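Residue-level listing of the chains:
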Amino acid sequence: AIGGAPNPAVLSSPINGDWAFIGENLVWNSGGGNPSGYDVYFGTSATPPLVSDNQTATTYTPTLAPGTTYYWKVIPYNNFGPANWCPTWSFTTPGANQLAESFEGAFPPPGWENQGNWSRNTQYFKHGTASAYTAGTTTSPYVLSTPKVTITASSTIRLSTMSSNSLGRMMVVYSSNRINWYGIGGELFHTSPYTWYDRVIDLSSLAGNDYYLGVRTGLQSGNFFVDYCFGPDFVAEAPGTPTLGIPL
């Protein structure tokens, strides 16, 4: 309020307690109360150290390592002092060999397979500047599948989905051969059109196996979108047998 210290900052990204890609920026918004600057605390400790003080920008670019949980806090201040009750947020980066995709580059991404009319869409996205998109039909389900991953007792797949159809259904599926697909986790409903729904599907019942994972459209018309996908580690497959070149 005018005449007092500012309010705490409002988190923008990364999502608190969620995943964040390597290269992600920390972003927040003013919570009001006329802040004149921000002190940023960041690190791997639950009580992170000060890394930037007296900055006016509402972003900070950290150096991130794979497979690490980070904590951060922003304290706004003005001439009346710092804000009180500022929360500490956290996020985790995926491991170097972990499924982590936001469809920002070539489509389909390396190792993914497009069984249908999936494409890269830059009009709607949960993260970054793009998502995966297909137009569903009432006759054919379409599967967009990941590279093969190793399922453990703690494995999940986290993804965001959206549909233009309030009756639109999707499902996470798995396969050993990308031919026969089986559902897991139940249907994914989209009650509100063009609204992102964040999903976390438990894969523990598949533990001990290597599978392709996919997202499959239901038999409904409309637009279907997938973005912000994190899952298990990729299968460490041995390279193929080399072939003789020269000398003969």
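Everything that follows concerns the structure shown earlier in this document.
Residues numbered from 1 in each chain as written. Predicted model: local features only at pLDDT ≥ 70, side-chain atom pairs only at ≥ 80, totals over all residues. Heavy atoms only, no water.

*Asks:* What is the right way to read the overall build of the protein from this model?
*Replies:* Per the secondary structure count, the protein includes zero helices and 20 strands. Along the longest, intermediate and shortest principal axes, the C-alpha atoms of the protein span 75 × 55 × 35 Å. A burial count over the protein gives 43% of its 248 residues as buried. The contacts of the protein with a sequence gap of at least 6 include a subset with a gap of at least 24, amounting to 71%. (Helix = DSSP H or I, 4+ residues; strand = E, 2+ residues; numbered from the N terminus. Buried < 20%, exposed > 50% of the residue type's maximum accessible area, 1.4 Å probe, protein only. Contact = heavy atoms within 4.5 Å.)

*Asks:* What am I meant to see in the packing of aromatic side chains here?
*Replies:* What describes a pair of aromatic rings is the distance from one ring centre to the other and the angle between the planes of the rings. Counted according to the given criterion, the structure contains 20 aromatic pairs. Seen in terms of ring centroids, Phe103 and Trp112 are 5.3 Å apart; in terms of plane orientation they differ by 75°. Their pairing is edge-to-face. Take Phe103 and Trp112: they sit in the same class, and that class is buried. Taken together, a centroid distance of 5.1 Å and an interplanar angle of 80° make the contact between Tyr228 and Phe230 edge-to-face. Residue classification places Tyr228 among the buried positions, given a relative accessible area of 3%. Put simply, the rings of Tyr124, Tyr133, Tyr194, Trp196 and Phe225 pair up and form one aromatic cluster. Over the face of the ring belonging to Tyr41 we find Lys73, whose NZ or CZ atom lies 5.5 Å from the ring centre. (Phe/Tyr/Trp six-rings, centres within 6.5 Å; stacked < 30°, edge-to-face > 60°. Lys NZ or Arg CZ within 6 Å of the ring centre and 35° of its normal.)

*Asks:* Whenever I open this one, the side chain of Thr161 confuses me. Can you help?
*Replies:* Here Thr161 lies in strand β15 (residues 156–163). Overall, the relative accessible area of 0% leaves Thr161 in the buried class. A distance of 2.8 Å separates the side chain of Thr161 from the side chain of His190, its partner in a polar contact. Among all residues touching Thr161, those that are not within four sequence positions of it are Met170, Leu188, His190, Thr195, Trp196, Tyr197, Arg199, Phe225 and Val226. (Polar contact = N/O pair within 3.5 Å; in protein donor to acceptor, adjacent residues only side chain to side chain.)

*Asks:* Before we go on, may I ask you to explain the pairing of strand β4 (residues 37–43) in this structure?
*Replies:* Each regular strand displays side chains that alternate between the two surfaces of the sheet. Across the seven residues that make up β4, a large majority, six, are buried. Summarising the sheet, β4 and strand β7 (residues 69–78) pair through seven bridges and their orientation is antiparallel. Across the sheet, the residue bridging to Gly37 is Tyr77, located in β7. Relative to strand β5 (residues 50–55), β4 is paired through three bridges, and the arrangement is antiparallel. Note that in β5 the partner of Tyr41 across the bridge is Leu50. Turn length for the β4-β5 hairpin, with the two strands adjacent in sequence and antiparallel, is six residues. (Pairing = 2+ DSSP bridges.)

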